[in-house]
Amino acid sequence: MSRVPLRKALADLPAYVPGARVPVGAAAYKLSSNENPYPPLPSVVAAIADAAVDVNRYPDMYATELTATLAERLGVAQESVVAGTGSVAVLGHVLTAVCEAGDEVVLPWRSFEAYPIAIELAHATGVRVPVGVDGRLDLPAMAAAVTRRTKVVLVCTPNNPTGPAVRDDELRTFLAAVPRDVLVVLDEAYVEFVRDPQAPDALALFAEHPNVVVLRTFSKAYGLAGLRVGYAVARPRLATGIRAASTPFGVSHVAQLAALASLRAEGELLTRVDALVVERTRLLEALRAQGWTVPDSQANFVWLPLGDHAVTFADRCTRAGVLVRPFAGDGVRVSVGEKEATDLFLEVAAEHAPR
Ligand SMILES: Cc1ncc(COP(=O)(O)O)c(C=O)c1O
């Protein structure tokens, strides 16, 4: 057994629990990881195959073509775009770039389960602000939680796992209240699924507020979760710091070319997103018709606040052939997937409906 001591903080680190996977050879729908149910487009598969022949070489370390393409589309300077191994890695690099030991990071809770881990690993202290019973971030309470020790505030919109997006007016009020030397991270992993007309335009807020960083990903709407590519949009000085804290060569050549091919096929991919939004509405309406209280969702999942029944309900779903994601004592998150998966899930939900 190794006698090398581990960092003490690791003992208290919450484990990231990945969504349940379909066992080899079993037939089940995987609605447990907020993935895109559609397989990659043929043009994306072709780009992946083309890129494969170059994998004896290191990739372009700064993903130059990808960052240039994104910058042009987003209307920001190329120096402002930092790509990384999924937006979860980019978040870690953002925190490492700005946090000193003991700094505080204000975060909504419950929210994305990677946040507390990334905060601890950056030697910072998380300050959790409860999400409302309606699944909405409490931005006034988050602003009130900012102290002289606060270095970063994480704003997850739409919030994983509860679903709602923040509103533009409340986010503007929040940004006006937060000191300019506190970084505000707008995590928009699901932005392409947002249909709420009151939702913010994060890039407009980025243009107005030098302390705003926007995080986005190719994992969800673009269906490239398995290739790991996400990015931050930050002011050039911050972006340079994030790049300095990043894992070198974090975005593989295959991932870069797949992301570029996905941007070329964006119309087709966003049509799929539209179909998933239709399916989300069907799922939400059916659950409400069954008597469930379900928060609004602007993402590719819905949240059932099941409290202590979360795990038993998820087990029942597994037995029915649908894998969902329970958060013990709190609720169950169900991703929007294939129509057949929704139907199967709704059958189980009907059996357990509150009325
Ligand atoms: C809110 C939020 N942010 C970031 C991510 C990370 O996405 P990725 O690392 O695949 O880009 C996720 C994934 O589930 C998420 O829910």
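Scoring rules and cut-offs
- Residues numbered from 1 in each chain as written.
- Predicted model: local features only at pLDDT ≥ 70, side-chain atom pairs only at ≥ 80, totals over all residues.
- Domains from an automatic or database assignment.
- Helix = DSSP H or I, 4+ residues; strand = E, 2+ residues; numbered from the N terminus.
- Nonpolar A, V, L, I, M, F, W, Y, C, P; charged D, E, K, R; others polar.
- Near = placed C-beta within 6 Å.
- Axes fitted to C-alpha atoms, helices over the stretch in contact; angles between N-to-C directions.
- Parallel < 35°, antiparallel > 145°, perpendicular 65-115°, else oblique.
- Contact = placed C-beta atoms within 7 Å.
- Buried ≥ 20, exposed ≤ 12 C-beta atoms within 10 Å, placed from the backbone.
- Pairing = 2+ DSSP bridges.

1. With respect to the domain arrangement of the protein chain
Accessible area lost upon the coming together of the parts is a frequently used measure of interface size. Domain annotation for the protein chain reports domain 1 (8–30 + 267–351) and domain 2 (43–264). With centres defined by C-alpha atoms, the gap from domain 1 to domain 2 works out at 23 Å. In terms of residue count, helix α11 (residues 266–289) provides more of the side of domain 1 that touches domain 2 than any other element does, five residues in total. A breakdown of the residues in the side of domain 1 that touches domain 2 according to their chemical character gives 16 nonpolar, three polar and three charged.

2. What to know about the site of the ligand
Of all residues adjacent to the ligand, which total 13 residues, the nearest are Gly86, Val88, Thr217, Ser219 and Gly230. Per-class residue counts for the shell around the ligand are five nonpolar, seven polar and one charged.

3. Description of the environment of Leu238
Its location among the elements puts Leu238 in helix α9 (residues 236–245). Along the backbone, Leu238 and Pro5 are 233 residues apart, and their C-alpha atoms lie at a distance of 34 Å.

4. Description of the packing of helix α4 (residues 87–98) against α9
Interaxial distance between α4 and α9 falls to 8 Å at its minimum, and their mutual angle equals 110°. By the angle between their directions, the pair α4 and α9 is classed as roughly perpendicular. Across the interface between the two elements, His93, Val94, Thr96, Ala97 and Val98 of α4 pack against Gly241, Ile242, Ala244 and Ala245 of α9.

5. Re the pairing of strand β9 (residues 301–304)
Of the two faces of β9, the one lined by Phe301 and Trp303 and the one lined by Val302 and Leu304 are each fully buried. Here β9 pairs with strand β12 (residues 331–335) via four bridges, running antiparallel. From the neighbouring strand, Val302 faces β12, where its bridge partner is Val334.

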